[in-house]
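Below, each chain spelled out in residue letters.
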Protein chains: 2
Amino acid sequence: MSRLEFWFEYGSTYTYLTVARIHALASAQGVEIGWRPFLVMPIMVEQGMTEGPFLPYPQKLRYMWRDLERRAALHGVPYRKPSHYPPNTLLTARIGTLAAAEGWCREFTERTFALHWTEDVQIGTEQNLHAALAALGKEPQEVIMRAQAPEIKERLRLHTDEARTLGIFGSPSFVANGELFWGDDRLEEALAWVRR
Amino acid sequence: MSRLEFWFEYGSTYTYLTVARIHALASAQGVEIGWRPFLVMPIMVEQGMTEGPFLPYPQKLRYMWRDLERRAALHGVPYRKPSHYPPNTLLTARIGTLAAAEGWCREFTERTFALHWTEDVQIGTEQNLHAALAALGKEPQEVIMRAQAPEIKERLRLHTDEARTLGIFGSPSFVANGELFWGDDRLEEALAWVRR
């Protein structure tokens, strides 16, 4: 089965569109998705984008919100503008890393993004994590504890290093047979690349 | 006839894809294009992007070149990576402004971009301007002189102010019935918006 690696940061706005779309799109094309959470901010900071790609630029930030809303409508993705931006996503990324190791990263990620982007239950908060984990039949406190074990923290660091090595500088990113694509608006192109 | 305003900077890489595509796409849909040259750098500098969106970020810059090449292939647009980046586009933008006032902006812009992006005759150089103008049956020196008249310089400043007022922060940008779109990858969406 052909495979696309989906590298993502939980705090990225456009990544929501991908999280909401990728499973159905890829399944319909027989493409397997590797869900690869990482932390984009250390990479951005190293490259001089110390406050991320939007916050320092009010015009661009305003445009981003409008574009996001328009593209959600275009793709039929439910959308409600969250009250807070940006969220603190370190713990969520650690849980995502644990989930990826255990095979439930997609379900967790879809749920935590949906809570943030359709019910305004902010990613990274206890409320979001508890609701997302409980919906998957997990015991939230137990998962949160395991996600903070040294080996998971280290694994997330290694994954972030791997993203950097691949030339990744933003989220969402896709790697298709060694070819890098950046942005939800490249998802279709990345899927097509896998199937060439 | 419905109309899309196409705001652009001659030094922008992704703008080449739009310049190569927009006339045929819009014509096929019965949409009239307003060719609106402006200077993006004053706006970027005001917003803190003092070296533009790519130059300070090596990973992003490398990705941009690859993405550009891939998307040119995707759209069937001829592409040859230029030797120099970024070009100095002030005089070209002034000629574009004169051309817009006189109704030959599309032809001039298509030609000057094609020289840069398919024959490596750098935008902004005398060679590029002479070749582009001569191909349109213009007398290069005469046009270059008129493009440096105070009223053309002032007109370009006013257009750049207008772009800023519209919330434009990059090139290419499109304004469709008051709605702003940014990026060659939003061209189809902007055209669809005009026709809603």
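Keep in mind it's a predicted model, so treat the numbers as computed, not measured.

J.: I keep staring at the overall build of chain A and nothing clicks. Help me out?
T.: Helices and strands together make up the secondary structure of chain A, namely nine helices and four strands. In chain A, the order of α-helices and β-strands from amino to carboxyl end is β-α-β-α-α-α-α-α-α-α-β-β-α. Over its C-alpha atoms chain A spans a radius of gyration of 16 Å, differing by no more than 12% from the 16 Å that the globule rule assigns to 196 residues. The principal-axis extents of the C-alpha atoms in chain A amount to approximately 40 × 40 × 35 Å. The buried share of chain A, taken over its 196 residues, is 54%. For chain A, the share of sequence-separated contacts (at least 6 apart) that also reach a separation of at least 24 residues comes to 71%. Of the accessible surface of chain A, which amounts to about 8,400 Å², a share of 51% is contributed by carbon and sulfur atoms.

J.: What am I meant to see in the confidence of the model for chain A here?
T.: Any segment with low pLDDT has predicted coordinates that should not be analysed in fine detail. Summarising the model, chain A shows a mean pLDDT of 96, and 100% of its residues fall at 70 or more. This prediction of the complex comes with two scores: 0.95 for pTM and 0.93 for ipTM.

J.: How should helix α4 (residues 90-102) of chain A be read in this particular structure?
T.: Working note: α-helix, 3.6 residues per turn, so residues spaced by three or four point in the same direction. Residues and elements named next belong to chain A. Across its 13 residues, α4 extends 19 Å between first and last C-alpha, which sits within 8% of the 18 Å expected from 1.5 Å per residue. Burial in α4 covers these residues: T92, A93, R94, I95, G96, T97, L98 and A99. Here the buried face of α4 lies against β2 (31-37), α5 (105-118), α6 (126-135), α7 (140-147) and α8 (150-165). One or two positions beyond α4, positive phi appears at G103, with a value near 90°.

J.: I would appreciate a short explanation of the environment of A:S2 in the present structure.
T.: Residues and elements named next belong to chain A. Note that S2 resides in strand β1 (residues 2-8). Taking the C-alpha atoms as reference points, S2 and R195, separated by 193 residues in sequence, lie 7.0 Å from one another. Each residue touching S2, except ones within four places of it in the same chain, is listed here: G30, V31, E32, V194 and R195.

J.: What is the right way to read unusual backbone geometry from this model?
T.: Here A:S171 and A:P172 are connected by a cis peptide whose omega angle stands at 0°. Residue position: A:P172 is located in the loop between α8 and β3 (173-176). Here B:Y85 and B:P86 are connected by a cis peptide whose omega angle stands at -5°. With respect to the secondary-structure elements, B:P86 resides in the loop between α3 (58-75) and α4 (90-102). A positive phi is found at B:D120, a non-glycine position, where the angle reads about 55°. On the accessibility criterion, B:D120 (22% relative accessible area) is partly exposed.

J.: I keep staring at the pattern of salt bridges and nothing clicks. Help me out?
T.: When charged atoms on two side chains of opposite charge get close, those side chains can pair. All names here are of chain A. Within the structure shown, the criterion is met by 46 salt bridges over all chains. Of the charged contacts in the structure, one is a salt bridge between R186 and D185, with a shortest N-O distance of 3.4 Å. Judged by relative accessible area, which is 22%, D185 ranks as partly exposed.

J.: Looking at this model, I keep getting lost on the relation of the copies chain B and chain A. Mind explaining?
T.: In summary, the two copies of the chain are related to each other by a rotation about an axis coupled with a shift along it. Once chain B is rotated about the relating axis by 180° and shifted along it by 0.0 Å, it coincides with chain A to within an RMSD of 0.0 Å. In symmetry terms, the pair is related by a two-fold rotation axis. Within chain B, the C-alpha atom positioned nearest to the axis of rotation is that of B:D185, 3.8 Å from it. Most of the interface of chain B is mirrored in chain A, where 100% of its interface residues again form contacts.

J.: Where do I start with the side chain of B:Q59 in this structure?
T.: Residue placement: B:Q59 occurs in helix α3. You can call B:Q59 buried: its relative accessible area is 15%. Polar contacts involving the side chain of B:Q59 include one to the main-chain carbonyl oxygen of A:R164, which spans 3.4 Å. Among all residues touching B:Q59, those that are not within four sequence positions of it are A:Q47, A:R164, A:G167 and A:F169.

J.: Whenever I open this one, the nonpolar core confuses me. Can you help?
T.: Soluble globular proteins tend to bury their nonpolar side chains together. In terms of nonpolar packing, the biggest core is built from 124 residues, with A:L4, A:I95, A:F108, B:L4, B:I95 and B:F108 touching the most fellow members. Leave out the neighbours within four places in its chain, and A:F108 touches A:Y10, A:T92, A:I95, A:G96, A:A99, A:L129, A:A132, A:L133 and A:L136.

J.: What is the right way to read the interface of chain B and chain A from this model?
T.: Note: interface size is frequently given as the accessible area lost on complex formation between the parts. Taken together, the contacts link 25 residues of chain B with 25 residues of chain A. Buried surface at the junction of chain B and chain A, both sides included, amounts to about 2,500 Å², of which 49% is carbon and sulfur. It is B:Q59, B:Y63 and B:R70 that lose the most area in chain B upon contact with chain A, and together they represent 24% of the buried surface on that side. Summed over the shared surface of chain B and chain A, the number is 12 salt bridges. The closest approach of N and O atoms between A:R186 and B:D67, which form a salt bridge, is 2.8 Å. Taken together, the links from chain B to chain A amount to 16 residue pairs in polar contact (both at pLDDT 80 or more). The greatest single-element share of the side of chain B that touches chain A, amounting to eight residues, is contributed by α3(B). Partitioning the side of chain B that touches chain A into residue classes produces 11 nonpolar, four polar and 10 charged.

J.: Can you walk me through the pairing of strand β2 (residues 31-37) of chain B in this structure?
T.: Each regular strand carries side chains that alternate between the two faces of the sheet. Residue and element names in this part refer to chain B. Most of β2 is tucked away, with six of its seven residues classed as buried. Examined bridge by bridge, strand β1 (residues 2-8) and β2 share seven bridges and lie parallel to one another. Residue pairing in the sheet places S2 in a bridge with V31 of β2. In this region the chain leaves β1, passes through helix α1 (residues 13-28) and returns to the parallel neighbour β2; the handedness of that crossover is right-handed.

Cut-offs and rules
- Residues numbered from 1 in each chain as written.
- Chains lettered and ligands numbered in written order.
- Predicted model: local features only at pLDDT ≥ 70, side-chain atom pairs only at ≥ 80, totals over all residues.
- Heavy atoms only, no water.
- Helix = DSSP H or I, 4+ residues; strand = E, 2+ residues; numbered from the N terminus.
- Rg over C-alpha atoms; globule rule 2.2 N^0.38 Å.
- Buried < 20%, exposed > 50% of the residue type's maximum accessible area, 1.4 Å probe, protein only.
- Contact = heavy atoms within 4.5 Å.
- Areas by Shrake-Rupley, 256 points an atom, 1.4 Å probe, with all protein chains shown as cover.
- pLDDT = per-residue confidence, 0-100.
- Expected span 1.5 Å × (residues − 1).
- Salt bridge = Lys/Arg side-chain N within 4 Å of Asp/Glu carboxyl O.
- Least-squares fit on C-alpha atoms with pLDDT ≥ 70 in both.
- Polar contact = N/O pair within 3.5 Å; in protein donor to acceptor, adjacent residues only side chain to side chain.
- Core = buried A, V, L, I, M, F, W, Y, C linked by side-chain atoms within 4.5 Å.
- Buried area = accessible area lost by both parts, 1.4 Å probe.
- Nonpolar A, V, L, I, M, F, W, Y, C, P; charged D, E, K, R; others polar.
- Pairing = 2+ DSSP bridges.
- Right-handed = clockwise from strand over helix to strand, strands pointing away.

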